[in-house]
Amino acid sequence: MYMKPYYRSNLLCALTWCLAVVVILFAACNEDEKEIETIKKGKVPEVITYSPEYTEAGSETDAMIMGENFGTESSNVTVKLGEMSIAVKEVGNSVIKFKIPNTLEVGTYPLSVEIAYTDKENIRQTVSHTFEVDFEVRGNVPVVSGYLPSTGTYAGGEVTVEGDYFGTDKNNVTVTLDGTKLTVTTLTTTAITFTVPEDSEIGSHELKIEIKYGVNAAKTFHKTFSDFQVVAKEYVGTSSVYAGTGENGIANGPRLTATFLAPYSLAYDASAKSLYVGEVLNGIRLITNDGEVSSYKSPTDGNPWGFNTSCAVCVSGDQLYYTIKEAHDRQCDILYMATRSGGTFGEATGYQTPASPYTDVRDVAVNPVDGRIILTRYSWDAFRMESYFYLLDAVDATPVDLSGIIPPLWVNNSARLLFSPDGKWLYVSRSSDNATVPSGEGADRPHAYIVRYPYNSDTHTLGSEKEVVAGSEDLNQIGFVDGVAGTSRLNGPRQMYFDSTGETLYFVDQHNHALRKVTDLDGTKTTSTLAGTGSSGSNNVTEAPISDLRNVQFNNPVGLALADDNTFYIGEDGGKVIRKIEIKLKSNN
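In this report, the structure presented in the accompanying data block is examined.

1. Section: the overall build of the chain
When helices and strands are counted, the chain shows one helix and 49 strands. When burial is assessed residue by residue, the chain has 46% of its 589 residues classed as buried. Long-range pairs, those at least 24 residues apart, make up 51% of the contacts in the chain between residues at least 6 apart in sequence. Within the structure as shown, the chain displays about 28500 Å² of accessible surface, and the carbon and sulfur contribution to it stands at 50%.

The structure is reproduced here in structure tokens:
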């Protein structure tokens with residue numbers, strides 16, 4: 001189609017104007033976009049708050065700082081807790097994300113953030129902000145899972161509360177029983193131990209645990225057990241062979257392979273936790289705490305005499321006293337004394353010599369208050385022997401003959417000695433065994449009893465007002481009967497030993513094959529049997545009720561020692577061993 005020149009000119013003009021308008025509008029839009037970008041770059045970041053406000057110690061925790069205009073570059077953001085820089089995990093225009101490390105100690109930490117940005121003039125700037133409220137790292141909330149023994153315990157027993165996050169400061173832990181505050185004996189992060197008061201009554205009680213925790217121990221955790229039980233004490237006993245094989249001999253070494261002939265006298269050294277053994281013919285033996293047997297003092301020439309000779313031993317504090325028969329002169333005429341040095345007893349030196357032909361010193365007792373010594377010896381004569389007693393009042397002084405107070409007895413098989421722990425009484429066990437004697441001799445036997453004499457440690461004198469403690473002085477009144485003095489019956493009382501309280505006297509009764517005791521020494525003196533059936537044997541029990549110890553059998557027990565932990569050592573003349581009885585509270589864990 002043909003268009004006239006006039007019309008073509010007008011159309012071209014119109015197109016030109018349209019194009020010009022489009023160019024102008026495009027230019028205007030481009031200027032607007034430049035202005036918007038400039039405004040974004042110029043906005044100052046604004047920090048508003050953070051979350052969470054605290055965490056528990058030991059926990060790794062996600063946290064965030066919230067606000068506006070943070071940008072998206074984590075390299076532009078620095079977060080600190082105190083002086084510690086915290087790694088930034090993610091940045092958005094309104095949030096900064098990071099993790100609280102699990103290594104922070106309990107406490108408060110200033111939380112600060114720095115954010116770099118570009119202002120309107122395209123200049124690099126930094127905004128710093130420290131929050132007014134510090135970030136808090138709290139201690140974990142304590143957890144109590146229970147206590148042991150789970151069934152409760154006896155008065156005086158120890159209890160352990162189990163759980164976690166208890167801390168280690170005893171000042172932050174309070175334990176009460178029926179409202180009475182108890183002493184926390186040990187504390188770890190997982191265990192609290194305390195002792196139930198001795199005067200607590202048997203039955204149900206309220207046990208409360210309070211634990212302060214958190215920053216400045218400002219928070220308190222509470223746990224109440226409304227039915228905590230205080231139970232009755234129950235004891236159990238175990239008997240066993242402590243040393244020896246049962247064969248005659250003098251072999252040393254480990255205690256269960258060593259051999260003995262006749263462990264006549266025992267003495268326990270509480271300081272070294274060792275046991276000294278005075279043996280017939282074999283001298284003085286030592287059993288150390290680690291179970292090794294050795295010869296502490298042997299007879300000089302092997303003691304070839306074929307009759308019954310005994311070696312006695314006694315430990316008193318830091319002194320060891322013993323008698324030993326030297327075969328070359330057929331008598332045991334020297335009492336030796338050794339002094340502790342470096343925890344052990346060194347070589348002894350002669351202490352006293354009760355010089356007398358055919359003297360045979362059988363036992364020695366040391367007064368714990370004034371240090372005076374009383375010993376007993378036998379004097380041999382044709383078909384008989386008599387027991388005599390002496391008081392040694394000073395080193396190298398002449399022994400004082402006590403025959404006017406403690407009368408000698410013919411054919412007296414045994415006289416053993418022991419001072420009470422307070423030094424006020426000398427106890428003497430006396431017996432003779434053979435009821436068949438030639439006519440006119442041995443009129444003072446058979447008999448079996450324990451008697452005591454008062455002793456004055458100020459004047460160092462022994463009184464004559466004796467008291468029968470067990471058995472009867474009457475002739476032919478031997479047997480195996482428990483009961484009060486005068487009615488109880490013994491048959492060969494030998495070595496005696498006091499318990500740690502000094503209120504109970506223990507002794508071995510040889511021919512009753514028993515371990516017995518006397519209680520209420522200052523009142524109604526009463527004899528009872530702890531272990532032994534009255535017949536010889538060698539059976540044992542393990543963690544049995546105390547009453548079952550009566551089923552234990554011994555074979556002619558003559559030596560006795562008692563350790564501080566209620567462990568009895570019994571030397572058997574017939575069994576050629578040393579037996580052990582342990583008594584302890586039954587565990588109720």
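2. Observations regarding the nonpolar core
Judged by nonpolar contacts, the single largest core of 31 residues is most densely connected at Leu-275, Ile-287, Leu-515, Phe-568, Tyr-569, Ile-578 and Ile-581. Breaking this core down by element, the ones donating at least two residues are β21 (235-243), β23 (263-269), β24 (274-279), β43 (505-509), β45 (526-531), β47 (557-562), β48 (567-572) and β49 (578-585). Those residues in contact with Ile-581, other than ones at most four positions away along the chain, are Thr-238, Ser-239, Leu-515, Ala-531, Leu-549, Phe-554, Asn-566, Thr-567, Phe-568 and Ile-570.

3. Let's talk about the pattern of salt bridges
When the charged atoms of two side chains lie near each other, side chains of opposite charge can form a pair. Per the stated rule, a full pass over the model turns up 18 salt bridges. The salt bridge partner of Arg-452 is Glu-467, with a shortest N-O separation of 3.1 Å. One end of the pair, Arg-452, is in strand β38 (residues 447-456); the other, Glu-467, is in strand β40 (residues 467-472), with 15 residues separating them in the sequence. A relative accessible area of 26% places Glu-467 in the partly exposed class. Here the salt bridges share partners, and the residues they tie into one network are Arg-452, Glu-467, Asp-522 and Lys-525.

4. A short note on the packing of aromatic side chains
Here the structure, examined in full by the defined rule, presents 13 aromatic pairs. Geometrically, the ring pair formed by Tyr-276 and Phe-345 is edge-to-face, given 5.8 Å between the ring centres and 65° between the ring planes. Of this pair, Tyr-276 sits in strand β24 while Phe-345 sits in strand β30 (residues 344-345), and the two are 69 residues apart along the sequence. Of the residues examined, Phe-345 reaches a relative accessible area of 6% and is grouped as buried. Note on Tyr-427 and Phe-498: the rings are 5.3 Å apart at their centroids and 75° apart in plane angle, and the pair reads as edge-to-face. In this pair, Tyr-427 sits in strand β37 (residues 425-432) while Phe-498 sits in strand β42 (residues 493-498), placing the two residues 71 residues apart along the sequence. The exposure class assigned to Tyr-427 is buried, which follows from its relative accessible area of 1%. The buried category is assigned to Phe-498, whose relative accessible area is 8%. Here the aromatic cluster, defined as three or more aromatic residues joined through ring pairs, consists of Tyr-276, Tyr-296, Tyr-322, Tyr-336 and Phe-345.

5. A closer look at the sheet that holds strand β14 (residues 158-164)
In space, the four strands of this open sheet follow the order β12-β14-β18-β17, with antiparallel pairing throughout. Only two strands of the sheet have a single partner each, and these edge strands are β12 (143-148) and β17 (184-187). Sheet twist, expressed as the average angle between the axes of neighbouring strands with direction ignored, equals 20°. Two strands pair when backbone bridges link them, and β12 and β14 are joined in this way by five bridges, in the antiparallel orientation. Pairing of Val-144 across the sheet is with Gly-163, part of β14.

6. Structural notes on the environment of Met-84
Tracing the backbone through its elements, the reader meets Met-84 in strand β5 (residues 84-86). It is 9.7 Å that separates the C-alpha atoms of Met-84 and Leu-111, two residues lying 27 residues apart in sequence. Once residues lying within four places of it in the same chain are set aside, the contact partners of Met-84 are Val-79, Pro-101 and Leu-104.

7. Regarding the pairing of β17
Sheet topology places β17 next to strand β18 (residues 191-195); three bridges connect them, and they run antiparallel. Counted as the bridge partner of Thr-186 is Thr-193 from β18.

How each quantity is defined
Residues numbered from 1 in each chain as written. Predicted model: local features only at pLDDT ≥ 70, side-chain atom pairs only at ≥ 80, totals over all residues. Heavy atoms only, no water. Helix = DSSP H or I, 4+ residues; strand = E, 2+ residues; numbered from the N terminus. Buried < 20%, exposed > 50% of the residue type's maximum accessible area, 1.4 Å probe, protein only. Contact = heavy atoms within 4.5 Å. Areas by Shrake-Rupley, 256 points an atom, 1.4 Å probe, with all protein chains shown as cover. Core = buried A, V, L, I, M, F, W, Y, C linked by side-chain atoms within 4.5 Å. Salt bridge = Lys/Arg side-chain N within 4 Å of Asp/Glu carboxyl O. Phe/Tyr/Trp six-rings, centres within 6.5 Å; stacked < 30°, edge-to-face > 60°. Pairing = 2+ DSSP bridges. Axes fitted to C-alpha atoms, helices over the stretch in contact; angles between N-to-C directions.

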